[in-house]
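Listed here are the chains, written in short residue letters.
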Amino acid sequence: MEDMHCGTSPIVGFRFTLSPMTNDFVEVIKGALEEVDTSAVRMHTDDVSTVIRGKQGHVFNVAKALALHTAKTGVHVALNGTFSAGCPGDSAGDAYLGKPDEQLNHDRTKQYVSSQFALYPMNHPDYMSVIYREIERAKERGVFNESMHDASGIHGDIHDVFDFYEETFTHARSEDHRHLVMTVSMSINSPSHGGN
């Protein structure tokens, strides 16, 4: 029977669906996968979604690189996913935790992103203070867009947005609680962005 206690492993996962709004979506996704170095993470795709797992820095690096390379085609792209750490059953024996810390994807192409996120510090008695603190961090970083039901809007250059998300994930994990979930939805190259 699987252990149902929160994990203590440093493994981070990101389960996502990448949706280019084009009839050639398969070629767009394959092209991004060819351009992105995914050797530092474990990646598996099924008939619904893809998961990447490994060290936190590598997971965020690969997630951003996949979104950016897909967006560089110019098509409207939607990315929906869930970052998680400390899930019951996570194993400290994951071979990808032994990878060097050096980031493998370095494309700094500017790209506007509009996104929404929700943070779930599991079993944290004062979880709302964690969430409010990270919203204030978004305002300080200049990436906060708007408040809304069930999420907060984050926008700006893709590098600033992903930097904020990784920083938020790091700070929320440091609150001495083990299981953290963060959902992210992104829209890139949307006609509604008015040229951004």
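These numbers come from a predicted model, not from an experiment. (Residues numbered from 1 in each chain as written. Predicted model: local features only at pLDDT ≥ 70, side-chain atom pairs only at ≥ 80, totals over all residues. Heavy atoms only, no water.)

1. With respect to the overall build of the protein
Broken down by element type, the protein carries four helices and eight strands. Seen in sequence order, the protein has helices and strands lined up from the N terminus as β-α-β-β-α-β-β-α-β-β-α-β. A compact globule built from 196 residues should have a C-alpha radius of gyration of about 16 Å, and the protein, at 16 Å, falls within 12% of that. In terms of principal-axis extent, the alpha carbons of the protein reach across some 45 × 35 × 30 Å. When the 196 residues of the protein are sorted by exposure, 46% land in the buried category. Considering only intrachain contacts with a sequence separation of at least 6, the fraction spanning at least 24 residues in the protein is 82%. Summed over its atoms, the accessible surface of the protein is roughly 10200 Å², and 49% of this surface lies on carbon and sulfur atoms. Positive and negative charge centroids in the protein, built from 16 and 27 side chains respectively, lie 3 Å apart. (Helix = DSSP H or I, 4+ residues; strand = E, 2+ residues; numbered from the N terminus. Rg over C-alpha atoms; globule rule 2.2 N^0.38 Å. Buried < 20%, exposed > 50% of the residue type's maximum accessible area, 1.4 Å probe, protein only. Contact = heavy atoms within 4.5 Å. Areas by Shrake-Rupley, 256 points an atom, 1.4 Å probe, with all protein chains shown as cover. Lys, Arg positive; Asp, Glu negative; His and termini not counted. Charge placed at Lys NZ, Arg CZ, Asp CG, Glu CD.)

2. Considering the pattern of salt bridges
Applying the stated criterion across every chain yields a total of nine salt bridges. Close ionic contact of Lys72 with Asp107 constitutes a salt bridge, the shortest N to O distance being 2.6 Å. One end of the pair, Lys72, is in the loop between helix 2 (56–71) and strand 4 (77–85); the other, Asp107, is in the loop between strand 4 and strand 5 (112–121), with 35 residues separating them in the sequence. Judged by relative accessible area, Asp107 falls into the partly exposed class, the value being 24%. (Salt bridge = Lys/Arg side-chain N within 4 Å of Asp/Glu carboxyl O.)

3. Observations regarding the pairing of strand 5
For strand 5, the tally of buried residues reaches eight of 10 residues, placing the bulk of the element in the interior. With six bridges connecting them, strand 5 and strand 7 (residues 151–157) associate as antiparallel partners. Bridge assignment links Tyr112 to a residue of strand 7, and that residue is Asp157. In this sheet, strand 8 (residues 180–188) lies alongside strand 5 in antiparallel orientation, the contact comprising nine bridges. (Pairing = 2+ DSSP bridges.)

4. Examining the packing of aromatic side chains
According to the stated counting rule, one finds eight aromatic pairs in the structure shown. Ring plane angle 55 degrees and centroid distance 6.3 Å describe the contact between Phe83 and Phe169, whose orientation is recorded as tilted. Of this pair, Phe83 sits in strand 4 while Phe169 sits in helix 4 (residues 158–173), and the two are 86 residues apart along the sequence. Taking relative accessible area as the criterion, Phe83 reaches 0% and is therefore assigned buried. Assessed through its relative accessible area of 0%, Phe169 is described here as buried. A network of ring pairs unites the aromatic residues Phe14, Phe16, Phe60, Phe83 and Phe169 as a single cluster. The ring of Phe144 carries Lys139 above its face, with NZ or CZ at 5.1 Å from the centroid. (Phe/Tyr/Trp six-rings, centres within 6.5 Å; stacked < 30°, edge-to-face > 60°. Lys NZ or Arg CZ within 6 Å of the ring centre and 35° of its normal.)

5. Here's the deal with the environment of Gly81
Topologically, Gly81 is positioned in strand 4. According to the relative accessible area criterion, Gly81 is buried, its value standing at 8%. Sequence separation between Gly81 and Phe16 is 65 residues; the distance between their C-alpha atoms is 3.8 Å. Setting aside anything within four residues of it in sequence, one finds Gly81 in contact with Phe14, Arg15, Phe16, Met182, Thr183 and Val184.

6. Some remarks on a nonpolar patch on the surface
On the surface, Tyr127, Met128 and Tyr132 cluster together into a nonpolar patch covering about 320 Å² of accessible area. When you line up the elements, Tyr127 lands in helix 3 (residues 127–141). By relative accessible area, which is 43% here, Tyr127 ends up partly exposed. (Patch = residues over 30% accessible without salt bridge, like charges linked within 9 Å, V, L, I, M, F, W, Y side chains within 5 Å.)

7. Some details on the sheet that holds strand 1 (residues 12–20)
With antiparallel pairing, the eight strands of this open sheet are ordered in space as 2-3-1-4-8-5-7-6. The sheet is open, and its two borders are formed by strand 2 (42–45) and strand 6 (144–148), each paired with just one other strand. In this sheet, neighbouring strand axes are inclined to one another by 20 degrees on average, regardless of whether the strands run parallel or antiparallel. The pairing of strand 4 with strand 8 spans nine bridges and is classified as antiparallel. Considered in strand 8, the bridge of Thr82 is made with Thr183. Packed onto the sheet, helix 2 meets strand 1, strand 3 (50–54), strand 4 and strand 8 and runs at close to 5 degrees relative to strand 1. (Axes fitted to C-alpha atoms, helices over the stretch in contact; angles between N-to-C directions.)

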